Amino acid sequence: MRALVIVALISVLALPAATAAPPEEVAIGQPLRDATMRGLNSPARALHEFRGRPLLINVWASWCGPCRAEMASLERLAWLDDARYFTIIGVSTDDYVDKAQAALAESNATITHFIDQDLVLEKMLGASTLPLTVLVDADGRVLGKVHGAQEWDSRAALDYIHETFGHRTLGHTGSAPPPGTR
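Rules behind the numbers
For every chain, the first residue of the written sequence is number 1, and numbering continues from 1 onward in sequence order. The predicted origin of the model limits local features to residues at a pLDDT of at least 70 and limits the giving and counting of side-chain atom pairs to 80 or more, whereas totals for whole chains, interfaces and linings rest on all residues. Excluding hydrogens and water, the side-chain values take into account all heavy atoms of the structure. A simple rule labels every residue: compare its accessible area, found with a 1.4 Å probe on the protein chains alone, to the largest value its type can have, and call it buried under 20%, exposed over 50%, or partly exposed in between. Secondary structure elements follow DSSP: runs of H or I no shorter than four residues count as helices, runs of E no shorter than two count as strands, and numbering proceeds from the N terminus. Stacked, tilted and edge-to-face are the three classes assigned to paired rings of Phe, Tyr and Trp, where Trp is represented by its six-membered ring and a pair needs centres within 6.5 Å; plane angles under 30 degrees give stacked, over 60 edge-to-face, the rest tilted. Note that a disulfide, as used here, is simply two cysteine sulfur atoms within 2.5 Å. Within this scheme, the nonpolar core is defined by two criteria: the residues are buried Ala, Val, Leu, Ile, Met, Phe, Trp, Tyr or Cys, and they are joined through side-chain atoms within 4.5 Å. Two residues form a contact once any of their heavy atoms are found within 4.5 Å. All tallies of charge rest on Lys and Arg as positive and Asp and Glu as negative; His and the ends of each chain are not included. For salt bridges, the criterion is a side-chain nitrogen of Lys or Arg within 4 Å of an Asp or Glu carboxyl oxygen. Definition of a polar contact: a pair of N or O atoms within 3.5 Å, with one able to donate and the other able to accept a hydrogen when the atoms are protein atoms, and with sequence-neighbouring residues admitted only if both atoms are side-chain atoms. In this description, strands pair whenever DSSP reports at least two bridges between them. Angular values range over 0 to 180 degrees, each being the angle between N-to-C directions of two axes fitted as lines to C-alpha atoms, with helices fitted over their stretch in contact.

1. Section: helix H5 (residues 155-165)
Turn by turn, an α-helix covers 3.6 residues, leaving residues three or four places apart pointing in a common direction.
Argument step 1. Counting buried positions over the eleven residues of H5 gives eight, a clear majority of the element.
Argument step 2. Every buried residue of H5 is accounted for by Ala157, Leu158, Asp159, Tyr160, Ile161, His162, Thr164 and Phe165.
Argument step 3. Directly beyond the C-terminal end of H5, a positive phi value near 85° is found at Gly166.

In C-alpha coordinates:
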(Lines give C-alpha, C1' and ligand atoms only; values in the text may rest on other atoms or scores of the structure.)
Protein backbone atom coordinates (compact mmCIF):
# COMPACT_ATOMS: atom_id res chain seq x y z
CA MET A 1 0.00 0.00 0.00
CA ARG A 2 2.83 2.37 0.90
CA ALA A 3 4.47 1.79 -2.52
CA LEU A 4 1.18 2.61 -4.25
CA VAL A 5 0.94 5.93 -2.38
CA ILE A 6 4.53 6.81 -3.34
CA VAL A 7 3.88 6.00 -7.03
CA ALA A 8 0.70 8.11 -6.95
CA LEU A 9 2.55 11.01 -5.31
CA ILE A 10 5.37 10.87 -7.87
CA SER A 11 2.82 10.81 -10.69
CA VAL A 12 1.03 13.88 -9.34
CA LEU A 13 4.28 15.79 -8.82
CA ALA A 14 5.52 14.96 -12.32
CA LEU A 15 2.25 16.00 -13.99
CA PRO A 16 2.84 19.79 -13.96
CA ALA A 17 6.26 19.39 -15.58
CA ALA A 18 4.85 17.17 -18.32
CA THR A 19 1.97 19.52 -19.12
CA ALA A 20 3.76 22.87 -18.63
CA ALA A 21 2.72 25.61 -21.00
CA PRO A 22 5.07 26.52 -23.87
CA PRO A 23 7.37 29.50 -23.24
CA GLU A 24 5.83 32.97 -23.40
CA GLU A 25 5.78 35.22 -26.44
CA VAL A 26 9.10 36.66 -27.57
CA ALA A 27 8.90 40.45 -27.43
CA ILE A 28 10.12 42.80 -30.14
CA GLY A 29 13.85 43.30 -29.67
CA GLN A 30 14.35 39.84 -28.16
CA PRO A 31 15.87 36.80 -29.91
CA LEU A 32 13.66 33.89 -30.94
CA ARG A 33 14.25 30.65 -29.10
CA ASP A 34 15.10 27.70 -31.28
CA ALA A 35 12.35 25.32 -32.34
CA THR A 36 12.19 22.52 -34.87
CA MET A 37 9.51 22.97 -37.51
CA ARG A 38 7.89 20.10 -39.40
CA GLY A 39 7.94 20.77 -43.12
CA LEU A 40 4.74 20.87 -45.15
CA ASN A 41 6.40 21.27 -48.56
CA SER A 42 10.01 20.84 -47.45
CA PRO A 43 12.06 18.89 -44.92
CA ALA A 44 11.89 19.77 -41.22
CA ARG A 45 14.17 22.63 -40.14
CA ALA A 46 15.15 24.38 -36.96
CA LEU A 47 14.69 28.13 -36.62
CA HIS A 48 18.42 28.62 -36.00
CA GLU A 49 19.12 27.31 -39.52
CA PHE A 50 17.64 30.55 -40.91
CA ARG A 51 20.17 32.74 -39.10
CA GLY A 52 22.49 34.76 -41.28
CA ARG A 53 19.71 36.40 -43.36
CA PRO A 54 16.70 38.45 -42.30
CA LEU A 55 13.57 36.32 -42.06
CA LEU A 56 9.90 37.10 -42.69
CA ILE A 57 7.66 34.53 -40.93
CA ASN A 58 3.99 34.44 -41.90
CA VAL A 59 1.71 32.56 -39.48
CA TRP A 60 -1.52 31.32 -41.06
CA ALA A 61 -4.20 28.62 -41.05
CA SER A 62 -6.18 26.94 -43.83
CA TRP A 63 -9.50 27.96 -42.24
CA CYS A 64 -8.49 31.66 -42.07
CA GLY A 65 -9.88 33.56 -45.07
CA PRO A 66 -7.63 36.63 -44.64
CA CYS A 67 -4.60 34.32 -44.33
CA ARG A 68 -5.38 32.60 -47.60
CA ALA A 69 -6.03 35.92 -49.35
CA GLU A 70 -2.65 37.22 -48.12
CA MET A 71 -0.75 34.19 -49.44
CA ALA A 72 -0.82 35.42 -53.04
CA SER A 73 0.94 38.68 -52.12
CA LEU A 74 3.60 36.74 -50.18
CA GLU A 75 4.21 34.59 -53.25
CA ARG A 76 4.53 37.69 -55.44
CA LEU A 77 6.85 39.25 -52.85
CA ALA A 78 9.10 36.19 -52.91
CA TRP A 79 9.60 36.60 -56.66
CA LEU A 80 10.53 40.30 -56.51
CA ASP A 81 14.14 41.45 -56.65
CA ASP A 82 13.37 43.40 -53.45
CA ALA A 83 13.14 40.07 -51.58
CA ARG A 84 16.55 38.78 -52.63
CA TYR A 85 18.23 39.62 -49.31
CA PHE A 86 15.70 38.02 -46.94
CA THR A 87 13.95 34.68 -46.57
CA ILE A 88 10.17 34.19 -46.43
CA ILE A 89 8.60 31.20 -44.69
CA GLY A 90 5.07 30.28 -43.70
CA VAL A 91 3.98 28.53 -40.52
CA SER A 92 0.56 26.89 -40.41
CA THR A 93 -1.27 26.59 -37.10
CA ASP A 94 -3.63 23.94 -38.50
CA ASP A 95 -4.35 20.91 -36.35
CA TYR A 96 -4.28 18.61 -39.38
CA VAL A 97 -1.35 18.38 -41.79
CA ASP A 98 -3.63 17.34 -44.68
CA LYS A 99 -5.73 20.53 -44.39
CA ALA A 100 -2.61 22.72 -44.47
CA GLN A 101 -1.12 20.79 -47.41
CA ALA A 102 -4.41 21.07 -49.31
CA ALA A 103 -4.38 24.85 -48.83
CA LEU A 104 -0.80 25.00 -50.13
CA ALA A 105 -1.66 22.86 -53.15
CA GLU A 106 -4.67 25.05 -53.92
CA SER A 107 -2.54 28.21 -53.74
CA ASN A 108 0.38 26.72 -55.74
CA ALA A 109 2.73 27.72 -52.92
CA THR A 110 6.42 28.01 -53.74
CA ILE A 111 7.45 29.53 -50.40
CA THR A 112 8.73 27.06 -47.81
CA HIS A 113 5.99 26.22 -45.30
CA PHE A 114 6.01 24.44 -41.96
CA ILE A 115 3.36 23.34 -39.48
CA ASP A 116 3.43 24.31 -35.84
CA GLN A 117 3.88 21.43 -33.44
CA ASP A 118 2.12 21.68 -30.09
CA LEU A 119 1.52 25.45 -30.54
CA VAL A 120 5.19 26.19 -29.77
CA LEU A 121 5.62 28.78 -32.54
CA GLU A 122 2.11 30.17 -32.15
CA LYS A 123 2.86 30.99 -28.50
CA MET A 124 6.46 32.12 -29.10
CA LEU A 125 5.52 34.45 -31.96
CA GLY A 126 2.38 35.76 -30.25
CA ALA A 127 -0.08 34.57 -32.89
CA SER A 128 -3.24 35.18 -30.87
CA THR A 129 -4.86 36.44 -34.08
CA LEU A 130 -4.19 35.40 -37.66
CA PRO A 131 -2.56 36.15 -39.95
CA LEU A 132 0.56 37.35 -38.18
CA THR A 133 3.80 38.29 -39.91
CA VAL A 134 7.00 38.55 -37.88
CA LEU A 135 10.16 40.22 -39.16
CA VAL A 136 13.36 38.78 -37.69
CA ASP A 137 16.90 40.06 -38.22
CA ALA A 138 19.83 37.91 -39.36
CA ASP A 139 20.78 37.24 -35.73
CA GLY A 140 17.31 35.90 -34.86
CA ARG A 141 16.03 39.03 -33.08
CA VAL A 142 12.36 40.02 -33.55
CA LEU A 143 12.17 43.44 -35.24
CA GLY A 144 8.45 43.78 -35.87
CA LYS A 145 5.06 42.08 -35.86
CA VAL A 146 2.18 42.83 -38.21
CA HIS A 147 -1.26 41.51 -37.29
CA GLY A 148 -3.81 41.16 -40.06
CA ALA A 149 -3.66 40.53 -43.78
CA GLN A 150 -1.44 42.80 -45.91
CA GLU A 151 -0.57 43.20 -49.55
CA TRP A 152 3.07 42.31 -48.97
CA ASP A 153 4.14 43.22 -52.49
CA SER A 154 2.71 46.76 -52.25
CA ARG A 155 5.05 49.75 -52.21
CA ALA A 156 4.13 50.63 -48.60
CA ALA A 157 4.78 47.08 -47.40
CA LEU A 158 8.08 46.89 -49.30
CA ASP A 159 9.21 50.18 -47.78
CA TYR A 160 8.24 48.92 -44.31
CA ILE A 161 10.16 45.65 -44.84
CA HIS A 162 13.26 47.44 -46.12
CA GLU A 163 13.22 49.99 -43.30
CA THR A 164 12.64 47.32 -40.66
CA PHE A 165 15.48 45.18 -41.99
CA GLY A 166 17.72 48.26 -42.39
CA HIS A 167 17.77 48.27 -46.19
CA ARG A 168 16.59 51.14 -48.36
CA THR A 169 14.72 50.79 -51.61
CA LEU A 170 16.13 53.12 -54.25
CA GLY A 171 13.88 56.08 -54.95
CA HIS A 172 11.68 55.51 -51.89
CA THR A 173 12.17 57.16 -48.52
CA GLY A 174 10.04 57.11 -45.41
CA SER A 175 6.79 55.25 -45.10
CA ALA A 176 4.19 54.47 -42.56
CA PRO A 177 4.12 50.86 -41.42
CA PRO A 178 1.25 48.76 -42.65
CA PRO A 179 -1.89 48.74 -40.49
CA GLY A 180 -1.70 46.23 -37.68
CA THR A 181 2.00 46.86 -36.97
CA ARG A 182 3.25 46.91 -33.44
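2. Points about the packing of aromatic side chains
Argument step 1. One pass over the structure, following the stated rule, counts four aromatic pairs.
Argument step 2. Seen in terms of ring centroids, Tyr85 and Phe86 are 5.2 Å apart; in terms of plane orientation they differ by 75°. Their pairing is edge-to-face.
Argument step 3. Residue Tyr85 is classed as buried on the basis of its relative accessible area of 16%.
Argument step 4. Judged by its relative accessible area of 4%, Phe86 falls in the buried class.

3. Quick word on the state of the cysteines
The bond known as a disulfide is covalent and runs between the sulfur atoms of two cysteines.
Argument step 1. Counted according to the given criterion, the structure contains one disulfide.
Argument step 2. Between the sulfur of Cys64 and that of Cys67 lies a disulfide, 2.3 Å long from S to S. Taking the torsion about the sulfur-sulfur bond, which here is approximately 75°, the covalent link between Cys64 and Cys67 counts as right-handed.

4. Re the nonpolar core
Argument step 1. In terms of nonpolar packing, the biggest core is built from 20 residues, with Leu32, Met37, Leu47, Ile57, Leu121 and Leu125 touching the most fellow members.
Argument step 2. Those elements giving two or more residues to this core turn out to be strand E3 (55-60), strand E4 (87-92), helix H4 (120-125) and strand E6 (132-136).
Argument step 3. In this structure Leu47 touches Leu32, Arg33, Asp34, Ala35, Met37, Leu55, Ile57, Leu121 and Met124, once residues within four positions along its chain are discounted.
Argument step 4. Among the nonpolar cores identified, the runner-up in size contains 16 residues, and Ile88, Leu135, Trp152 and Ile161 belong to it.

5. Regarding the side chain of Asp94
Argument step 1. With respect to the secondary-structure elements, Asp94 resides in the loop between E4 and helix H3 (97-107).
Argument step 2. Although Asp94 lies buried, it forms no salt bridge, and the closest oppositely charged side chain, Arg68, sits 7.6 Å away as judged by the N-O distance.
Argument step 3. Looking at Asp94, its side chain comes within polar contact range of the side chain of Ser92, at 2.7 Å.
Argument step 4. If near-sequence neighbours (up to four positions away) are discounted, Asp94 is found in contact with Trp60, Ala61, Ser62, Trp63, Lys99, Ala100 and Ile115.

6. Examining the pairing of strand E7 (residues 142-147)
Argument step 1. The buried fraction of E7 is high, at five of six residues.
Argument step 2. Here E6 pairs with E7 via five bridges, running antiparallel. Across the sheet, the residue bridging to Leu135 is Gly144, located in E7.

7. Digging into the sheet that holds E3
Argument step 1. Spatial ordering of the open sheet is given by E2-E1-E5-E4-E3-E6-E7, a layout of seven strands whose pairing is mixed. Bordering the open sheet on either side are strand E2 (45-46) and E7, each of which pairs with just one other strand.
Argument step 2. As paired elements, E3 and E6 share five bridges and run antiparallel to each other. Pairing of Leu55 across the sheet is with Val136, part of E6.
Argument step 3. Docked against the sheet, helix H2 (residues 65-78) engages E3, E4, strand E5 (112-115) and E6, running at close to 160° with respect to E3.

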